[in-house]
Each structure stands twice: as structure tokens, then as C-alpha cells.
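Structural overview
Here are the chains, one letter per residue:
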Amino acid sequence: MVNMLEIRKLTIRERSTGKVIIPDSSFDVKKGSCLAIVGESGSGKSLTCRAIMRLNKPGIEQAGDIWLGGENLAKLPEQEMRRRRGRRLCMIMQHGMRAFDPSRAVGVHLIETLAEHFDWSKSEMTGRMKRALESVRLNAPMDVMNAYPHQLSGGMLQRVMIALTLVLEPDVVIADEPTTALDTVSQYEVVEQFIRLRERLGSTMIFISHDLGVVRKIADEVLVMKDGRIVEHGTTGAVFTKAQHDYTRSLVTAKLSLHQHFRQVMGE
Amino acid sequence: MGLYMVKRILQSIPLLLAVSFFTFAFIQLSPMDPAEVVLHAQGVPKITDELIAETKTALGMDQPFLVRYSNWLASCLQFDFGSSYITGKPVWSQLGPALFNTIKLTVVSVAAIIAVSIGFGVYCAWRAGKMIDRSLRGLFFFLTSMPSYWLGTLMIWYFSVKLDLLPTSGMDSYRSYILPVALITVSYAGIYFRIIRSSVLSNMNEDYAMYGRACGLPEKKVRARIVRNSLQVAVSVFCMAVPIILGSTVVVENIFAWPGLGTLSVNAILGRDFPVIQAYVLVLAAAFVLFNTASDILNAALNPKLRNDRS
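Remember, predicted model here, so these are calculated numbers, not experimental data. (Residues numbered from 1 in each chain as written. Chains lettered and ligands numbered in written order. Predicted model: local features only at pLDDT ≥ 70, side-chain atom pairs only at ≥ 80, totals over all residues. Heavy atoms only, no water.)

Right, let's get into the sheet that holds strand β5 (residues 71–72) of chain A. Residue and element names in this part refer to chain A. Strand order in the open sheet formed by 4 strands is β2-β1-β4-β5, with antiparallel pairing between adjacent strands. The open sheet has two edge strands, β2 (20–30) and β5, and neither has a second partner. Pairing analysis gives 8 bridges linking strand β1 (residues 3–14) to strand β4 (residues 60–68), with the strands arranged antiparallel. Considered in β4, the bridge of Thr-11 is made with Ala-63. (Pairing = 2+ DSSP bridges. Helix = DSSP H or I, 4+ residues; strand = E, 2+ residues; numbered from the N terminus.)

If you check UniProt for "domain: ABC transmembrane type-1" (unreviewed entry), the listed places come out as residues 99–295 of chain B in our numbering. For the annotated span residues 99–295 of chain B, helix accounts for 84% and strand for 0% of the residues, and the straight-line distance between the end C-alpha atoms is 21 Å. (UniProt positions renumbered as here; feature names shortened; annotations may be inferred.)

For helix α2 (residues 34–41) of chain B, the set of buried residues is B:Pro34, B:Ala35, B:Val37, B:Val38 and B:Leu39. Considering only its buried residues, α2(B) is in contact with α3 (49–59) and α12 (274–302) of chain B. (Buried < 20%, exposed > 50% of the residue type's maximum accessible area, 1.4 Å probe, protein only. Contact = heavy atoms within 4.5 Å.)

Attention now goes to the side chain of A:Glu221. All names here are of chain A. The residue Glu-221 is located in strand β9 (residues 221–226) in this model. The class for Glu-221 is buried, based on a relative accessible area of 13%. Not counting residues within four places of it along the chain, the set of residues in contact with Glu-221 comprises Lys-30, Cys-34, Leu-35, Ala-36, His-233, Gly-234, Thr-235 and Thr-236.

Below, the discussion takes up the UniProt feature "transmembrane region" (unreviewed entry) in chain B. Residues and elements named next belong to chain B. The sites that UniProt annotates as "transmembrane region" (unreviewed entry) are residues 12–29, 105–126, 138–157, 177–195, 233–257 and 277–302. Helix and strand shares over residues 12–29 are 94% and 0% respectively, and the end C-alpha atoms of the span are 26 Å apart. Split by type, residues 277–302 is 100% helix and 0% strand. Its first and last C-alpha atoms lie 37 Å apart.

So, on to the environment of B:Val38. Residues and elements named next belong to chain B. By secondary structure assignment, the location of Val-38 is in helix α2. Separated by 17 residues in sequence, Val-38 and Thr-55 have C-alpha atoms that sit 8.1 Å apart. Contacts of Val-38, omitting those with residues within four sequence positions, involve Thr-55, Leu-59 and Tyr-85.

Let us now look at the sheet that holds strand β10 (residues 229–235) of chain A. All names here are of chain A. Ordered by their spatial adjacency, 6 strands build an open sheet running β6-β7-β8-β3-β9-β10, and the pairing between neighbours is mixed. A strand with exactly one partner marks an edge of an open sheet, and here the two such strands are β6 (89–92) and β10. Here the average twist between neighbouring strands, direction ignored, is 15°. For β9 and β10, the ladder comprises 6 bridges, and the chain directions are antiparallel. Bridging across to β10, Leu-223 finds its partner in His-233. (Axes fitted to C-alpha atoms, helices over the stretch in contact; angles between N-to-C directions.)

Residue and element names in this part refer to chain A. With the rule as written, the count across this model stands at 28 salt bridges over all chains. The closest approach of N and O atoms between Asp-65 and Lys-75, which form a salt bridge, is 3.3 Å. Placement of Asp-65 in strand β4 and of Lys-75 in the loop between β5 and α2 (78–84) is noted, with a sequence separation of 10 residues between them. Residues Arg-82 and Glu-116 are paired through a salt bridge, measuring 3.6 Å at the closest nitrogen-oxygen approach. Here Arg-82, found in helix α2, pairs with Glu-116, found in helix α4 (residues 106–117); they are 34 residues apart in sequence, far enough to count as distant. Judged by relative accessible area, which is 27%, Glu-116 ranks as partly exposed. (Salt bridge = Lys/Arg side-chain N within 4 Å of Asp/Glu carboxyl O.)

This part covers the nonpolar core. Soluble globular proteins tend to pack their nonpolar side chains together in the buried interior. Of all hydrophobic cores here, the largest spans 86 residues; its most connected members are A:Leu5, A:Ile52, A:Leu89, A:Phe100, A:Leu114, A:Met129 and A:Phe194. Top element by residues in this core is helix α7 (residues 154–168) of chain A. It accounts for 9 residues. Once residues within four sequence positions are removed from consideration, A:Phe194 is found in contact with A:Ile92, A:Ile162, A:Ala175, A:Pro178, A:Met205, A:Phe207 and A:Ile218. Membership of the second largest hydrophobic core comes to 34 residues, among which are B:Met146, B:Leu179, B:Leu217 and B:Ile245. (Core = buried A, V, L, I, M, F, W, Y, C linked by side-chain atoms within 4.5 Å.)

Time to look at the interface of chain B and chain A. Across the boundary between the two partners, chain B contributes 24 residues, which contact 28 residues of chain A. Across the chain B to chain A interface the summed buried area is about 2,300 Å²; carbon plus sulfur atoms make up 56%. Ranking the residues of chain B by area buried against chain A places B:Asp207, B:Met210 and B:Tyr211 at the top, with a combined share of 28%. Put simply, chain B and chain A have 3 salt bridges between them. Measuring nitrogen to oxygen at the nearest pair gives 2.4 Å for the salt bridge that ties A:Asp101 to B:Arg228. (Buried area = accessible area lost by both parts, 1.4 Å probe.)

What follows concerns unusual backbone geometry. Despite not being glycine, A:Asp24 shows a phi value in the positive range, around 50°. Summarising the element assignment, A:Asp24 is placed in strand β2. Residue classification places A:Asp24 among the partly exposed residues on the basis of a relative accessible area of 48%. Even without being a glycine, B:Phe79 presents a positive backbone phi close to 60°. You can see B:Phe79 is positioned in the loop between α4 (65–77) and α5 (91–126).

Have a look at this one:
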């Protein structure tokens, strides 16, 4: 299968101290597949994804190559890179509640984003957005678009981001712990929508999570990170059953024992 | 929103009443007998106890405290603050023009402070940690820490005496505004500039800025969002700056002989002119309450979350 994204020798360091946070990281994401990046907090999962989008804070510098379908994003001028964001690479944030401008209605962000990438009329943008919102089970799309972020729940805002992604049809979707801040019911709904998003767009996806249950459900491949280094990379089945690295085994064992304890408590 | 405005305005009424009560009560605690002050001001050569008693009756001071307070409050509501003990003229005829002059100075100064602190605050936040940011912060810190009476005198010496560019005092033309406004701006912009800078910096790290960029929005649009959200903090800060500057122009007005409230209040305090002092304190306290209310209403208008929670 062809690679959609190839990360080569990605190094991330702090500009002021020169401290290396991610040393020499390389991996591929196959076209149409979903790669889950797992690891504990501070292992460098989010930094890696933001580096792909070239969106890390000014105090962080990165080196290495990021190939997206034959184009090296690392070498693009900022203006060109901006055009790729949203259109070819889309990001879904962890906290829906904080992802939208708090002083504007949600719809303003959606329409501004679409206007930036397409020459559609306002009514066409609204129509497409409306259909996309309905498809992620937001039944009153116009109410959602006219609402301010604080008037919607975290799960609803995650689905708004998924709906925007559906309209933008990017090549790669990067989801940065999209289910972490949600309750179980919202988590289930959002994961279902992610699975449908993949089915409909066929896009390549990077899914950051430390919830191995969700990862098992959605990912084709798993990449395990620890202290900025990739310690394991393989198919989901292989990583869960035949993990090579001690750290991966401990992650999987911890997950399984929690699961067994839950079953015992529930009397199953 | 309309309901919230009405509620907020109604809430300020008991506060204004409390302010008026304490203003009146504190003046009564003064050890000086107002009747004696009036007699001194009138140049009466020999002040006898009978004369004091007569003056007290004439001024209505022989009545109980609450009666005097309610009479005074009823008059104040009609902008009748009584007569000055010293000049004998109605207080409002002195306070009105002085207040108007101080408001003119305050409005121009606050506009300058807003322009300078927003301009430099936003600029320094974009360049946080760089040489220009550190230099500007240092300069503002240096200027804010200089006593305004000393800096004002230096300004007069340099711009008015040495260069002969600007008038030393008075309120004759727009040129008279330049030095006092510059002095107030230099003294206060340093404080407000820091508030704006840190508000922009914290908004720059918010997820909505990152998501805006991740969606491919141009940097100009993302920055406009950051500035708009940062300025919400500034609205309440600037609203409160108006009464603070209104009350603190005493020094500046005295340096530049500006015929405003500052000059009037200093003269009233030195001459124990209680009706003028009372009116001055009441007007300033009312300004604080009014601007606080205005700040809350403006904030609610700008922040949809507050608007919905409170309406």
C-alpha cells in the first residue's frame, strides 16, 4: 500500500535551552489507514502531530522531513503551508469547548474556514455544512451554527469539528486525543463518527489517544511513544498480542487487568 | 440583555445611596465646627457663642442628623449641593465648570492611555521575549515609577521653558492639553499596557488560536480573534480607569494650574469648605459606581457567556 505520510528524522527541540524533546523520529502512515499514537502524557505524541501541521509554539523548533503525497511540507514557505492546513491536513482538537472562538457563534468559524478554501457562495457553504452536521447526528444544524461554544457540549463540538472535516475532505486527519475530555456516552458517539468519517472520506488518519480500548476499535496500526522515542510500531493486532517492548506490554497488561477487574465488579 | 441592563442599573441605586450616606456622615465627624468656618470666612472679627448658635440655626445644623442628611440628599438630587462657606456662591456653580474641565482632561487622557496601552501591549505580546519587547517594558516601568510631580516639572522645564514649544499652564487651546495629557498617559499607560500584553499572551496560547491556524485561516484573522478576546479584559480595566484618573488629576491639575476638580478640591480642603468637599467626594464616588456599572454592561455585551448567564 502507498504511503500518504512519511516522517523522516523528525527532531524537535526547545529553542531557548536546545533540549531535544523528540530525537530523530521516523514513521510512515499508509494511504487510507489509521495510525494510533499511544503513550503516557509528555511522551511527545501531540508535539509530533503539531510538528506535522507545523503548528508548534515559537519556542519549539523542528527539523527533518514531512512528506505528504510526494510533497515535503517541511520545506514549504509558511504561506503555502497555510493553504495545506484545513484543505489537505485537518486537525481535530482535544477540547471542543476551547477550540472555537468564545466570542463568536460556531458557524462563523465554519463559514470562514470554508470561504478560505473554496469559492462557494455563502448559501452553498451553509447548505453543505448543514448536511454535514446532520450526518454527525446534530439534528438542529442551524441552531448549532448559531450557538456560541459555551452553549454546546464538548461532545457536540467534537462532532462539529468532524462535520467540518467531512466538508473539507482532507487527505490526512489528525485527531489529538479527541475522546479524552468526554463522558462515556459522548465518547462512544464520537468514536462512531470517526469510524464513519473514515468510511466516507477514505482519508488517512492519525489518532492520538491513551485509551487502548478506543485505539483497538479504530486503528489499523499502533505506534507507541515513550520519552519522545518510538518504542514500538506495528499492526494493532500484533501490538496488542505480541508486543516486543516491555513498555508496550505493561500498557496492554494494565489495560487488560483493568478490564478484568471491571468484569469481576460487574459479576460477569 | 435589556433585562440585565435594567437590573444592573437598579442595583447601583442602593450603592449610590450608601455612598451618599457615608460621604455625609464622614464630613460630620470632622472636629472643625462648620459654623466657625463660615464666620471666619465672612471675616467676623469676634466670634461669640451666640453668633455660632445663630449661624448653626441659619445653616440648619441644629436639626437631627437624619433630617439634615435627607434634606441634603433631596437637594443633591436636583444638583443643589448647598452654598460654599467661603465664597457664599452655590457649590454647583463652582463644581460644574471644574468638573467639566476635569472631564475634558480625563477623556483625552483616557483616550491616549487606551491608544498607547493597546498599541504597545499588542505589539509587545507578538514580540514577547525579543529585545524590543524587553526594552519597551523597561521604559514603561521606568516612566511609571517616576513621581508625576517631578516628571511634570521636568516636562514644563524642557518643553515650555527651554524649547518654548508649549504653554506652562492654563487651559487656553488644544496645546494646553499636550503636557498634562502626556504626563497622565506616561504615569498610567505602563500599568494598562502590561495588562493588555499579558491578556494577549494568554489568548495566543488558547486552543481556538491553534484550531483557527489548523483550519488554514490567515494569520491576520487568527490575530484579530486573539485581540478581540484579549480586549474583553481591557474593557473593564479601562472603564475603571476613568474614575481613577478623574480622582487622581489633583497632582497634574496643580502642576499645570488646570482649572478643574483637583485644584478646586485642594482649595476646599485647605479652607475647610465642607459643602464643596462633600460634593466633590459624592461626585467622584458616583463616578466610580456609574463606571463600574457601565463596565459590567459593556462586558456582558461583548462576552456572550456573561450575557446568557446573567440575562
